[in-house]
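Inside the fold
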Amino acid sequence: MRVSTRWFLILFLVASVADFTTTIYGIRFGFSEANPVLAARLGNLWMFTLTYLVYTVVGLALLWFTLKMTKFSPVFGIFAGFFVLLKTLPAVNNSLLLAGIQPTSFAFTAVRWLLRLV
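Residues numbered from 1 in each chain as written. Predicted model: local features only at pLDDT ≥ 70, side-chain atom pairs only at ≥ 80, totals over all residues. Heavy atoms only, no water.

Bringing the packing of aromatic side chains into the picture now. All chains considered together, the criterion is met by 6 aromatic pairs. Ring plane angle 25° and centroid distance 5.4 Å describe the contact between Phe12 and Phe83, whose orientation is recorded as stacked. With a gap of 71 residues between them, Phe12 in helix H1 (residues 5-28) and Phe83 in helix H4 (residues 75-98) connect regions that are remote in the sequence. You can call Phe83 partly exposed: its relative accessible area is 26%. Every member of this aromatic cluster is reached through a ring pair, and the members are Phe20, Phe48 and Tyr52. (Phe/Tyr/Trp six-rings, centres within 6.5 Å; stacked < 30°, edge-to-face > 60°. Helix = DSSP H or I, 4+ residues; strand = E, 2+ residues; numbered from the N terminus. Buried < 20%, exposed > 50% of the residue type's maximum accessible area, 1.4 Å probe, protein only.)

Structure, rendered in structure tokens:
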């Protein structure tokens, strides 16, 4: 079964909104932001939101481009799925932390490892 471009984009956007919401909620409880660029903007909610919005728009554009490239090679579909999965990890991690559950070491480590690459 082939998942449409629209569903990949919707899943990415839902994961992005969930990450943003759980991050803002977590900050109110004294948690910290793992992304150093976003962490630097936590003092100004508007700048934090604008920066997050730019990240989301760029992510959606890259995902859309990757999905369009599946016309040339189906391998790009695997990348798109992995890309959406990676976007869900911070939201899942934040949700676990907010629920008082230690996140799996994979989710936490994967996010930190990816942030070091940027």
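From this point, the discussion proceeds with the structure in view.
With that settled, consider the packing of H1 against helix H3 (residues 45-68). The N-to-C vectors of H1 and H3 enclose an angle of 160°; their axes lie 10 Å apart at closest approach. Classed by the angle they form, the pair H1 and H3 counts as roughly antiparallel. H3 is crossed by H1, and the crossing has right-handed handedness. Counted together, Thr5, Phe8, Leu9, Phe12, Leu13, Ser16, Asp19, Phe20, Thr23 and Ile24 of H1 and Leu45, Phe48, Thr49, Tyr52, Thr56, Gly59, Leu60, Leu63, Trp64 and Leu67 of H3 form the full contact between these two elements. Residue classes in the contact of H1 with H3 are distributed as 13 nonpolar, 6 polar and 1 charged. (Axes fitted to C-alpha atoms, helices over the stretch in contact; angles between N-to-C directions. Parallel < 35°, antiparallel > 145°, perpendicular 65-115°, else oblique. Left-handed = near helix turned anticlockwise from the far one by under 90°. Contact = heavy atoms within 4.5 Å. Nonpolar A, V, L, I, M, F, W, Y, C, P; charged D, E, K, R; others polar.)

Let's shift gears to a nonpolar patch on the surface. A cluster of nonpolar residues, Val37, Met47, Leu50, Leu53, Val54, Tyr55, Val57, Val58 and Leu62, forms a patch on the protein surface that exposes about 750 Å² of accessible area. Along the chain, Leu53 falls in helix H3. (Patch = residues over 30% accessible without salt bridge, like charges linked within 9 Å, V, L, I, M, F, W, Y side chains within 5 Å. Areas by Shrake-Rupley, 256 points an atom, 1.4 Å probe, with all protein chains shown as cover. Salt bridge = Lys/Arg side-chain N within 4 Å of Asp/Glu carboxyl O.)

On to H3, then. In a regular helix each residue adds 1.5 Å, so 24 residues correspond to 34 Å; H3 covers 34 Å between its end C-alpha atoms and thus fits that length. Summarising the contacts, the buried residues of H3 are in contact with H1, helix H2 (36-39) and H4. (Expected span 1.5 Å × (residues − 1).)

Moving on: the nonpolar core. Counting residues in hydrophobic clusters, the biggest one holds 6 residues: Phe8, Phe12, Leu63, Leu67, Ala80 and Val84. Among the elements of the structure, H1, H3 and H4 are those that each provide at least two residues to this core. Every residue in contact with Leu67, bar those within four places of it in the chain, is listed here: Thr5, Phe8 and Ala80. (Core = buried A, V, L, I, M, F, W, Y, C linked by side-chain atoms within 4.5 Å.)

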